[in-house]
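# Architecture at a glance
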Protein chains: 2
Amino acid sequence: MKLQVAIDRVELDYAKKIAKQLDPIVDIIEMGTSLVKDYGYYALAKEQLGLSHAELLIDSKTIDEGKYEFEKGYEVGADILTVMGASSIGTLNTTYQVAKDQNRQMFIDLMEVTDTKLPEIVDFPDAIYGIHHAKDNKDNFDATHSVEVFHKNYPNVNRINVAGGIDLEQARKLKEQGIAETVIVGGKIMKSDDPIKTAEKFMKVIK
Amino acid sequence: MKLQVAIDRVELDYAKKIAKQLDPIVDIIEMGTSLVKDYGYYALAKEQLGLSHAELLIDSKTIDEGKYEFEKGYEVGADILTVMGASSIGTLNTTYQVAKDQNRQMFIDLMEVTDTKLPEIVDFPDAIYGIHHAKDNKDNFDATHSVEVFHKNYPNVNRINVAGGIDLEQARKLKEQGIAETVIVGGKIMKSDDPIKTAEKFMKVIK
């Protein structure tokens with residue numbers, strides 16, 4: 001399983017510093033939506049961040065203007081960009097095409113995707129499907145259960161990414177379960193006393 | 001009726017220059033999502049843009065992290081921020097509360113809002129409801145017809161904003177119709193030979 005560390009709601013300088021330190025350790029470094037909104041793509045360019053090992057995911061949360069946002073995001077060096085599953089099918093087709101053309105990856109954020117819409121958007125064979133909760137939503141969330149249910153309903157989806165308050169114990173369970181390709185950890189690493197050491201602990205659990 | 005001019009998919013310097021020139025003429029200046037994604041909120045701060053007359057709308061297209069994105073957006077001087085109607089109810093409640101607390105405005109983008117969801121989100125009395133099409137969607141679009149249908153279905157919504165390929169003729173019809181509070185014009189002004197003169201023409205038609 002892969003570990004994606006989400007860097008979010010911090011100053012740009014700190015985000016860059018921590019990204020550089022996490023680069024040799026983790027699989028994917030996510031520059032969160034708050035960093036996109038506050039500072040923009042250009043400030044998050046892969047070259048600026050100086051990444052040489054980890055993949056860069058920019059959490060663009062594209063919902064429209066798919067061609068523009070994906071071309072720009074890949075241009076600044078993102079390996080993975082995110083599109084909302086709640087987008088129009090047209091937008092999803094467009095972003096998938098841009099990703100394929102550029103040999104990069106598309107992550108579909110399933111937040112607020114209705115049960116009617118979901119079956120219509122699970123046919124992108126190389127897309128990563130992201131299961132998680134809106135931060136404003138206070139419902140309970142069991143990661144392995146959610147993954148299991150999703151996998152049962154959509155067995156053809158082979159790239160599953162899961163996020164939402166994942167701690168070491170949840171990560172261990174997800175690894176054991178063996179369905180998810182990637183787990184996203186945010187606060188449990190970034191808000192720990194030593195994010196680098198904590199990231200190392202997560203890596204040990206999931207590899 | 002009010003005129004909102006959307007500045008989008010241009011370099012930051014040009015966006016700032018044209019915003020300053022449009023400021024004394026139009027009602028609302030929109031900094032489009034591409035400018036947010038490319039350069040971030042901080043680069044679009046009202047003070048940086050030097051606006052003194054027009055209201056500033058930053059098209060944040062918030063879909064999650066409502067508190068963070070709205071607080072930050074108002075902090076940099078936006079009068080109006082946008083939230084996707086496709087967000088969770090929790091997110092919409094949160095952004096509305098932030099807007100009320102700060103005595104600013106919330107614009108709900110109705111793109112990709114399902115017929116099931118729409119009735120659940122039309123109860124924010126002071127919110128602006130934005131009717132438009134995803135750019136990736138090639139369907140036909142008659143602005144007055146869409147406004148009429150929406151108004152008939154949701155007569156309690158009193159702030160309607162309409163966008164999508166609006167030209168002078170459509171703007172004139174919308175003004176005659178007298179339902180929409182604001183019309184958004186993008187390309188028809190920004191891609192014209194003289195955006196400032198064209199904006200003046202639109203203002204004459206809608207006032």
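Further remarks concern the sheet that holds strand 3 (residues 55–62) of chain A. Residues and elements named next belong to chain A. Sheet architecture is closed into a barrel: eight strands sit in the order 1-2-3-4-5-6-7-8, paired in parallel fashion. Along the sheet, successive strands turn relative to each other by an average axial angle of 25 degrees, direction set aside. In this structure, strand 6 (residues 128–131) lies alongside strand 7 (residues 160–162), joined through three bridges in parallel fashion. Looking at the pairing, Y129 lines up with I160 of strand 7. On the sheet, helix 4 (residues 66–75) packs against strand 3, strand 4 (80–84) and strand 5 (105–109) and is oriented at approximately 160 degrees with respect to strand 4. Sitting on the sheet, helix 9 (residues 195–206) touches strand 1 (2–7) and strand 8 (182–185), and the angle it makes with strand 1 is about 155 degrees.

A few words on the pairing of strand 2 (residues 28–31) of chain B. Residue and element names in this part refer to chain B. Side chains of strand 2 alternate between two faces, with I28 and E30 and I29 and M31 buried alike. Alignment of strand 1 (residues 2–7) against strand 2, held across four bridges, turns out to be parallel. Considered in strand 2, the bridge of V5 is made with I29. Running through helix 1 (residues 12–22), the crossover from strand 1 to the neighbouring parallel element strand 2 is right-handed. The sheet contact formed by strand 2 and strand 3 (residues 55–62) spans four bridges and is parallel. Directly across from I28, in strand 3, lies its bridge partner E55.

With that out of the way, let us pick up the relation of the copies chain B and chain A. By a simple turn and slide, chain B fits onto chain A: the slide is 0.0 Å along the axis, the RMSD is 0.0 Å, and the turn is 180 degrees. In the structure described here, the two chain copies are related by an operation that fits a two-fold rotation axis. Among all residues of chain B, the minimum C-alpha distance to the rotation axis is found for G40 of chain B, at 2.0 Å. Mapped onto chain A, 100% of the interface residues of chain B again fall at the interface, so both copies present the same surface.

Contacts between the two partners involve 34 residues from chain B and, on the opposite side, 34 residues from chain A. Summed over both sides, the interface between chain B and chain A buries roughly 3100 Å², with carbon and sulfur atoms accounting for 51% of that surface. Where chain B meets chain A, there are eight salt bridges. At the level of secondary structure, the elements contributing two or more residues to the side of chain B that touches chain A comprise helix 2 (33–39), strand 3, helix 4 (66–75) and helix 5 (89–101) of chain B. Counting residues per element, the side of chain B that touches chain A draws most heavily on helix 2 of chain B, which supplies six residues. Grouping the constituent residues of the side of chain B that touches chain A by class yields ten nonpolar, eleven polar and 13 charged.

Another point: the side chain of R159 of chain A. Residues and elements named next belong to chain A. With respect to the helices and strands, R159 occurs in the loop between helix 6 (143–153) and strand 7. Of note is the side chain of R159, whose polar atom sits 2.7 Å from the side chain of Q105. At 2.9 Å, the side chain of R159 and the side chain of E181 are in polar contact.

The subject of this paragraph is empty space enclosed by the protein. Rolled over the atoms, a probe with the dimensions of a water molecule shows which regions are left empty. In the structure shown here, the tally under the stated rule is one cavity of 30 Å³ or more. In this structure, the largest cavity spans a volume of roughly 50 Å³. As for the largest cavity, its lining consists of T33, K37, S60, K61, T62, I63 and E69 of chain A together with T33, K37, K61 and I63 of chain B. Looking at the lining of the largest cavity, the elements that each hand over two or more residues are helix 2 (33–39) and strand 3 of chain A together with helix 2 of chain B. For the lining of the largest cavity, the element with the highest residue contribution is strand 3 of chain A, accounting for three residues. For the lining of the largest cavity, the per-class residue count stands at two nonpolar, four polar and five charged.

Before going further, it helps to spend a moment on helix 4 of chain B. For helix 4 of chain B, the buried fraction is high: seven of the ten residues fall into the buried class. Here helix 4 of chain B has its buried residues at G66, Y68, E69, F70, K72, G73 and Y74 of chain B. Buried residues in helix 4 of chain B make contact with helix 2 of chain A together with strand 3, strand 4 (80–84), helix 5 and strand 5 (105–109) of chain B. Note on helix 4 of chain B: the residue one or two positions beyond its end, G77 of chain B, has a positive phi of about 105 degrees.

Glancing now at the side chain of D27 of chain B. All names here are of chain B. As for its placement among the helices and strands, D27 is situated in the loop between helix 1 and strand 2. A residue is classified by how much of its surface remains accessible, and D27, at 16% relative accessible area, is buried. Engagement of the side chain of D27 in a polar contact is seen with the side chain of K207, the distance being 3.1 Å. With residues near it in sequence (within four places) discarded, D27 still touches M1, K2, L3, A54, E55, M203 and K207.

Conventions used here
Residues numbered from 1 in each chain as written. Chains lettered and ligands numbered in written order. Predicted model: local features only at pLDDT ≥ 70, side-chain atom pairs only at ≥ 80, totals over all residues. Heavy atoms only, no water. Pairing = 2+ DSSP bridges. Helix = DSSP H or I, 4+ residues; strand = E, 2+ residues; numbered from the N terminus. Axes fitted to C-alpha atoms, helices over the stretch in contact; angles between N-to-C directions. Contact = heavy atoms within 4.5 Å. Buried < 20%, exposed > 50% of the residue type's maximum accessible area, 1.4 Å probe, protein only. Right-handed = clockwise from strand over helix to strand, strands pointing away. Least-squares fit on C-alpha atoms with pLDDT ≥ 70 in both. Buried area = accessible area lost by both parts, 1.4 Å probe. Salt bridge = Lys/Arg side-chain N within 4 Å of Asp/Glu carboxyl O. Nonpolar A, V, L, I, M, F, W, Y, C, P; charged D, E, K, R; others polar. Polar contact = N/O pair within 3.5 Å; in protein donor to acceptor, adjacent residues only side chain to side chain. 1 Å grid on protein atoms, 1.4 Å probe; cavity = no way out; pocket = protein on both sides within 12 Å on 5 of 7 lines; lining within 4 Å. Points joined across faces, edges and corners; volume = space filled by probe spheres on them.

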